[in-house]
Amino acid sequence: MRKLLISVVFLILAICACAQDSNSAKDFISFELRPYLSSKLKFYDFMFEDETRLKSRNAPCGELSIGYQHEINSNWLVGLDIASGLMPLNYCYVSKNGKSKTADSEYLYWVTLYTNIMASSTNRIITSPKGNMLLGLKAGVVLPWVREWGSSESSSSYCIDADVENDAAYFICTGELAYEKVFKSNDKVKASIFVTYSPMMNSFGSFELYAPYNSGYFKQPMFYFGASVGYYLALKRNRK
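The structure presented is a predicted model; accordingly, all values stated were derived computationally and were not measured.

Caption draft 1: Representation of the overall build of the protein. Assigned secondary structure in the protein consists of 1 helix and 12 strands. Mapped in sequence order, the helices and strands of the protein form the string α-β-β-β-β-β-β-β-β-β-β-β-β. Looking at the protein as a whole, 42% of its 240 residues qualify as buried. Within the protein, contacts between residues at least 6 apart in sequence are counted, and of these 70% link residues at least 24 apart. Taken as a whole, the protein presents about 13000 Å² of accessible surface, with 61% of it coming from carbon and sulfur.

What follows is the structure, encoded as structure tokens:
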């Protein structure tokens, strides 16, 4: 709760400070929707290879955010946003019998909240009155609000115990290709595709397989790709 209050207060103060600058047309309130596919789980320490095993697939998820962005110049901006996301774990129990194969797939979802603080470098590769094509690189720090989450799933063939501990801040890096349209009011709309990476593993857990018995643990790398659409409301509006 304390992180939530600090983030909200910081966001409000940043917006109010920029709103008082009547000469600035480079400060925006951002509203973004970011659907994406999560990375696959990585499984470790199988006791032996067998025809019955666990695999993972990319899982659909996404996030919504509201924030503040300041353009330092035409190539650099800094921003802060508060986001809520739906994060998944996916695992598949795969059974092979000769040439036939069946897969029993499970998805575990939880809602997470966090604050993003980032800097972005953007190059305009195509500029026209109809819109700009941008190539950008973002780097920043994520401050999670969710401390811990856990779940357990079991069947006659397997048992999964999953845990998430997101109490510490972690670094992320995002590359994106975007289309941007600037309106006469100074508002902007932007659509992009992106790839995000973090060296942190955001979840982990253990598993057991039966008949024959096998056990180990898994982690989920933070490497995913998706799309983004956003509207950026200018704090200094052109009324002409």
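So that's the structure; there's more coming.
Caption draft 2: Quick peek at the pattern of salt bridges. The tally for this structure, following the rule as stated, stands at 6 salt bridges. Between Glu71 and Lys188 there is a salt bridge, with its nearest N and O atoms 2.6 Å apart. Placement of Glu71 in strand 4 (residues 60–71) and of Lys188 in strand 11 (residues 188–209) is noted, with a sequence separation of 117 residues between them. Neither Glu71 nor Lys188 differs from the other in exposure class; each is buried. Through salt bridges with shared partners, a single network forms among Glu71, Arg124, Glu180 and Lys188.

Caption draft 3: View of the environment of Asp104. Within the fold, Asp104 resides in strand 6 (residues 100–128). Asp104 gets classed as partly exposed once you look at its relative accessible area, which sits at 34%. Excluding its chain neighbours within four sequence positions, the residues that come into contact with Asp104 are Tyr91, Cys92, Tyr93 and Tyr158.

Caption draft 4: Region of the structure containing the packing of aromatic side chains. In this structure the tally under the stated criterion is 10 aromatic pairs. Seen from their ring centres, Tyr36 and Phe194 are 6.4 Å apart, and the 65° between their planes marks the pair as edge-to-face. Of this pair, Tyr36 sits in strand 1 (residues 27–37) while Phe194 sits in strand 11, and the two are 158 residues apart along the sequence. For the ring pair Tyr91 and Tyr158, a centre distance of 5.9 Å and an interplane angle of 80° mean the geometry is edge-to-face. Taken together, the positions of Tyr91 in strand 5 (residues 76–97) and Tyr158 in strand 9 (residues 158–165) put the pair 67 residues apart, joining distant regions of the chain. Like Tyr158, Tyr91 is buried. Three or more aromatic residues link up through ring pairs in this structure, and these residues are Tyr36, Phe194 and Tyr224. Its guanidinium or amino end placed over the ring of Phe28, Lys188 lies 4.5 Å from that ring's centre, counting from NZ or CZ.

Caption draft 5: Structural context of the nonpolar core. Formed by 26 residues in total, the largest nonpolar core has its most connected members in Phe43, Leu54, Leu89, Tyr91, Ile160, Phe207 and Phe218. Elements with a minimum of two residues in this core: strand 5, strand 6, strand 9, strand 10 (170–182), strand 11 and strand 12 (214–234). Ranked by residue count, the leading element in this core is strand 5, at 5 residues.

Caption draft 6: Structural detail: a nonpolar patch on the surface. Residues Phe31, Ile66, Phe183, Tyr231 and Leu233 make up a contiguous nonpolar surface patch of roughly 410 Å² in combined accessible area. Given a relative accessible area of 38%, Ile66 falls into the partly exposed group.

Caption draft 7: Local environment of the pairing of strand 11. Examined bridge by bridge, strand 10 and strand 11 share 10 bridges and lie antiparallel to one another. Each bridged residue has a counterpart across the sheet, and for Glu176 the counterpart in strand 11 is Phe194. Here strand 11 pairs with strand 12 via 18 bridges, running antiparallel. Opposite Ser206, over in strand 12, you have Tyr217 as the bridge partner. Adjacent in sequence and paired antiparallel, strand 11 and strand 12 are bridged by 4 residues, among which Ala211 carries a positive phi angle near 55°.

Criteria and thresholds
- Residues numbered from 1 in each chain as written.
- Predicted model: local features only at pLDDT ≥ 70, side-chain atom pairs only at ≥ 80, totals over all residues.
- Heavy atoms only, no water.
- Helix = DSSP H or I, 4+ residues; strand = E, 2+ residues; numbered from the N terminus.
- Buried < 20%, exposed > 50% of the residue type's maximum accessible area, 1.4 Å probe, protein only.
- Contact = heavy atoms within 4.5 Å.
- Areas by Shrake-Rupley, 256 points an atom, 1.4 Å probe, with all protein chains shown as cover.
- Salt bridge = Lys/Arg side-chain N within 4 Å of Asp/Glu carboxyl O.
- Phe/Tyr/Trp six-rings, centres within 6.5 Å; stacked < 30°, edge-to-face > 60°.
- Lys NZ or Arg CZ within 6 Å of the ring centre and 35° of its normal.
- Core = buried A, V, L, I, M, F, W, Y, C linked by side-chain atoms within 4.5 Å.
- Patch = residues over 30% accessible without salt bridge, like charges linked within 9 Å, V, L, I, M, F, W, Y side chains within 5 Å.
- Pairing = 2+ DSSP bridges.

Read these as geometric descriptors, not functional statements.
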